[in-house]
Amino acid sequence: MLHSITRTSLPFVRTIRSLPSSLVSARERGVPIDVHPEVEQALVEHCPLVALETTIVTHGMPYPVNLETARSVERHVRSAGAIPATIGVIEGRVKIGLEPAQLEYLADVRTNRGLVKLSRRDIAAALALKRDGGTTCSATLIFAALAGIKRSCRLGGVHRGGQDSMDISADLQELARCPVGLVSAGVKSILDIGRTLEYLETLGIPVVTYGETHDFPAFYSPSSGFKSPWRVNDPTTAANVLATQCGLGMTNGVLFGVPIPESHAAIGKQLQEAVERAVQESQENGMDKRGKEVTPWLLDRVRELTSGKSLASNIALIENTATKGAQIAVAYAELIGQNRLKHGGVPAGIEYNNTAARLVVIGSAAVDVISQASATSDIDGSRGRRSTSPGTVTLHLGGVGRNVAEAAYRISTSKFQAQPSATVLVSSVGDDSLGRLLLEEMRRIGMRTDGFVTSRQRSAVCNMILDGSGNLIGGVADMDIVQSIEPEMIVSHITKHDPAVVAVDANVSPDVLGAVIQHCNTKNITSDEPTSVIKSASILPAISSALGSSNFQGSPIKFASPNLLELAELYRCASADPWELTSHDYWWRTIDNFSIGTEFRLSLEQLARQNAGSNSKTLSFLVDQGVAQMAINLLPFFQHLVIKCGDLGVLLAMRVPTDTPTPWTEERSDARRRQIIIHGKSEIVVIKHYPAHAIDPQSITSVTGAGDSLVGAILAALTQNLSAFNNPESLDDVIKLAQSAAIKTLHSPFAVSPSLSI
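As a starting point, this report considers the structure included with it. (Residues numbered from 1 in each chain as written. Predicted model: local features only at pLDDT ≥ 70, side-chain atom pairs only at ≥ 80, totals over all residues. Heavy atoms only, no water.)

A separate point is the overall build of the chain. Helix and strand counts for the chain stand at 27 helices and 26 strands. Burial status across the chain gives 58% buried among its 758 residues. Long-range pairs, those at least 24 residues apart, make up 75% of the contacts in the chain between residues at least 6 apart in sequence. Of the accessible surface of the chain, which amounts to about 30,800 Å², a share of 51% is contributed by carbon and sulfur atoms. (Helix = DSSP H or I, 4+ residues; strand = E, 2+ residues; numbered from the N terminus. Buried < 20%, exposed > 50% of the residue type's maximum accessible area, 1.4 Å probe, protein only. Contact = heavy atoms within 4.5 Å. Areas by Shrake-Rupley, 256 points an atom, 1.4 Å probe, with all protein chains shown as cover.)

A separate point is the sheet that holds strand β11 (residues 230-232). Pairing within the open sheet is parallel, and its four strands lie in the order β9-β12-β10-β11. In this open sheet, the two strands that pair with only one neighbour each are β9 (181-184) and β11. Put simply, the sheet's adjacent strands are angled 30° from each other on average, direction ignored. Of the pairings in the sheet, the one linking strand β10 (residues 207-210) to strand β12 (residues 254-257) comprises three bridges and is parallel in character. Paired with V208 across the bridge in β12 is F256. Set on the sheet, helix α11 (residues 235-247) makes contact with β9, β10, β11 and β12; between it and β12 the angle comes to about 165°. (Pairing = 2+ DSSP bridges. Axes fitted to C-alpha atoms, helices over the stretch in contact; angles between N-to-C directions.)

Taken in spatial order, the four strands line up as β15-β14-β18-β19 in an open sheet, and their pairing is mixed. Unpaired on one side and paired on the other, β15 (391-398) and β19 (472-478) mark the two borders of the sheet. Across the sheet, the axes of successive neighbouring strands diverge by a mean angle of 15°, strand direction being ignored. Pairing of strand β14 (residues 366-373) with strand β18 (residues 460-466) involves seven bridges; the strand directions are parallel. Note that in β18 the partner of V367 across the bridge is V461.

Below, the discussion takes up the packing of helix α7 (residues 137-147) against helix α9 (residues 170-177). With their axes 8 Å apart at the nearest point, α7 and α9 run at an angle of 25° to one another. It follows from the interaxial angle that α7 and α9 lie roughly parallel. The interaxial crossing formed by α7 with α9 has left-handed handedness. Between α7 and α9, the contacting residues are C137, S138, L141 and I142 on the first element and A170, D171, E174 and L175 on the second. (Parallel < 35°, antiparallel > 145°, perpendicular 65-115°, else oblique. Left-handed = near helix turned anticlockwise from the far one by under 90°.)

In this section: the pairing of β10. The alternating pattern of β10 places V207 and T209 on one face and V208 and Y210 on the opposite face, and all of these are buried. Examined bridge by bridge, β10 and β11 share three bridges and lie parallel to one another. Residue Y210 lies in a different strand from β11, and its bridge partner there is V232.

Time to look at the packing of aromatic side chains. Throughout the structure, instances matching the rule amount to two aromatic pairs. When the centroid spacing of 5.0 Å and the interplanar angle of 85° are considered together, the rings of F559 and F725 count as edge-to-face. Of this pair, F559 sits in strand β22 (residues 557-560) while F725 sits in the loop between α26 (706-720) and α27 (728-746); the two residues are 166 residues apart in sequence, bridging distant segments of the chain. We classify F559 as buried; its relative accessible area is 6%. With a relative accessible area of 2%, F725 lands in the buried category. When the ring of W587 is compared with that of W588, the centres are 4.9 Å apart and the planes differ by 85°; the resulting orientation is edge-to-face. The exposure class of W587 is buried, given its relative accessible area of 8%. (Phe/Tyr/Trp six-rings, centres within 6.5 Å; stacked < 30°, edge-to-face > 60°.)

Attention shifts here to the pattern of salt bridges. A full pass over the atoms with the stated rule returns 25 salt bridges. Here R121 and D122 are joined by a salt bridge, their closest N and O atoms 3.4 Å apart. What makes R121 exposed here is its relative accessible area of 65%. For D122, a relative accessible area of 14% translates into the label buried. Counted as one network, the salt bridges with shared partners bring together R277, E281, R301 and E304. (Salt bridge = Lys/Arg side-chain N within 4 Å of Asp/Glu carboxyl O.)

Here we take up helix α20 (residues 540-547). When α20 is considered as a whole, its buried residues turn out to be L540, A542, I543, A546 and L547. Mapping the buried residues of α20 onto a view down its axis gives an arc of 160°, with all of them on the same face. Elements in contact with the buried residues of α20: α19 (510-520), β22, α21 (564-575), α22 (585-594) and β23 (638-644). (Arc of directions from axis to C-beta.)

Let us now look at unusual backbone geometry. Backbone torsion omega between Y63 and P64 reads 5°, so that peptide bond is classified as cis. By secondary structure assignment, the location of P64 is in the loop between α3 (55-60) and α4 (65-79). With an omega of 5°, the peptide bond between D577 and P578 qualifies as cis. Tracing the sequence through the fold places P578 in the loop between α21 and α22. Its identity as a non-glycine residue notwithstanding, S595 has a phi of 55°, on the positive side. As for its position among the elements, S595 is in the loop between α22 and α23 (598-608). Since its relative accessible area comes to 35%, S595 is described here as partly exposed.

Here helix α1 (residues 21-28) has its buried residues at L23, V24 and A26. Along α1, the residues classed as buried sweep out an arc of 160° about the axis, all on the same side. The first or second residue beyond α1 is G30, which carries a positive phi of 85°.

This part is about the nonpolar core. With 66 residues, the main nonpolar core has I362, I539, F638 and L641 as its most contacted residues. Broken down by element, this core gets its largest block of residues, six residues, from helix α25 (residues 627-634). In terms of nonpolar packing, the next biggest core, distinct from the first, is built from 55 residues, F452, I677, A713 and L718 among them. (Core = buried A, V, L, I, M, F, W, Y, C linked by side-chain atoms within 4.5 Å.)

Inspection of the secondary structure assignment puts E53 in the loop between β3 (49-52) and α3. The exposure class assigned to E53 is buried, which follows from its relative accessible area of 4%. Through-space distance from the C-alpha of E53 to that of C137 is 6.3 Å; in sequence the pair is 84 residues apart. A distance of 3.3 Å separates the side chain of E53 from the backbone nitrogen of T55, its partner in a polar contact. A polar side-chain atom of E53 sits 3.5 Å from the main-chain amide nitrogen of I56. (Polar contact = N/O pair within 3.5 Å; in protein donor to acceptor, adjacent residues only side chain to side chain.)

Summarising the element assignment, L98 is placed in the loop between β5 (93-96) and α5 (100-107). Here L98 falls in the buried class, since its relative accessible area comes to 10%. Sequence separation between L98 and V35 is 63 residues, and the spatial gap between their C-alpha atoms is 8.7 Å. Excluding residues within four positions of it along the chain, L98 makes contact with H36, T54, T86, I90, L103 and L106.

Taken across its seven residues, β23 has seven buried, putting it largely inside the fold. Across three bridges, β22 lies against β23 in parallel orientation. Residue pairing in the sheet places F559 in a bridge with H640 of β23. Bridge count between β23 and strand β24 (residues 650-657): five bridges; the pairing is antiparallel. Bridge assignment links L641 to a residue of β24, and that residue is A653. Linking two consecutive strands that pair antiparallel, namely β23 and β24, is a turn of five residues; a positive phi of about 65° is found at G646 within it.

On to the side chain of N403, then. The topology assignment puts N403 in helix α16 (residues 400-414). Under the relative-accessibility criterion, N403 is labelled buried at 3%. A distance of 2.9 Å separates the side chain of N403 from the side chain of D708, its partner in a polar contact. Residue contacts for N403: discarding those within four places in its chain leaves L397, G398, D708, A751 and V752.

Written out as structure tokens, the structure is:
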């Protein structure tokens, strides 16, 4: 069983919480890897993790002892303060962190007789053929390294007679490739321990006894007769060894040999006699020449010869190394955390008061309390009403404005190499524990916090209820503090930064919305991001005020990103009392200028017959639900509408002025390219559909924040190129980037996926 160290992370000037690039790259290349949400969260938050192998479950112990031992090992890891990440392969998918049912499936060797013992050489074939299997130490090293986990495991070695047969475990070579701390009960006594230690020396792998003496353990016995060159006897010192090696940039691992507990050491001599007899029998019957079948046969034979005593000792040493490995993992995480606070992030007290931001985001910052029911609960059915449901409750940073700002910040700094100071969030927090949590966590991410004001009101909290599939059922948002932000404060921040882009979410007060639009209408881009159907029309008073302004020109709002429900609500309220914006002279003049006629209606009918994407749905909703018509009618007020259509993709509706040259003048309507082009009197109207990217519904962790990530990506791109939408090619690149950002967040338990930083 594999036991642990934690994720590697060297101190560096600016820390961004993110998943390891190796894992993100593997996913993007289509490698079938599923990371358990608890493990993914631990990776991002730099919590101590212990990776556990599964060969001992599938090939090392009889059922049900194997299952009971695996569960016990996970409990020992948790008891020591770390998180277990048991690794296996199920139906050709690598599972980094197993659900209880998945662990039971791998342990049921009586029913599942096709389980494969997976070493490096077996991985690609097993995944391609969609097999089930338990990971050896070497395979676990590979997958844990992909996931960025520092961890340890039982170790193979040089087999007896290996100097002639060259039968050397792949574990040794893998340990030479992976910078991990490997916690093991030494080397199995069925192997040639002396030659194994010599080979480890040749590979440059440090061997350290974790105990009172330099004696190197021999699995069932605390002493093998060989000495380790180094010794430690506490987790902090062991963690320092790892951290120092990591700091030197060395790419090999460290082997910690942990002696078997004293209570089981007494029978070590008897067990060793059984080992010698089993080895002799294997040589006599030819089993010693059967490759990877040798070790399971020897262990079974030793178990028979000792009447099961070897199994009890095996379990004891596995549980002991699990505990020691987890303790080292915790110490390592604490040590790296201290270095990170010393060298990384944006420390408290260091602000960007004299640095102008190119993007100012105005809106809510909240703590999200996410309650997700288990997959088997009936939370949204009759049985789930007026009752609690089993599931998980987690805390994350949230708030539409904060989510959008984080997504823009991560993409700006990673893709466009912008400075961390380029994005600032202007918001309000309470003088309470949640407010302090918000500020500290944003600093740890690397974001600036000088745009916050402290209020006497409660910090914002949003409690969201999700079903077992991660879909939002409902919730309660305590966001009153956002309404306390004064318009004068907002305008002062905009004036101070003189940004290229200003974005505002509709959680702020109508007075703030009006002040932002009035101040930015002639100078900057303003993006209104509706937050719910209830609040989606809150921008209309500001639009009405802008229409009556003497310096008004063009659309009051340059960009807006509603979903389909918010679009319908915007249109309904804009057309009805008390605003009746579609009766305004400006609206009539603008619609007339579009020159919409029969050609548009024919093009729309053709577009509506196109497939929506990878699913079987069509774009008929554009006509049947009046989506295209509503978008056209709202364009006088919003120059660019990026409409989020969920699994139906993204619909863009926009106006392109022709007073300056633009490639859109050469474009024509084309249903196959999913676009409608209307050449008006002095501007071009564009309707363009972007299909949703194919995504496995089972891979979706949560839909919360996906739309915010999409908007943040668009803002990041606009901050770099304000004319990105004026060119068909650059527009396509922006929407592709935005959809990719949304998908990454769909795969993450966080409101904004840390992988946007990669």
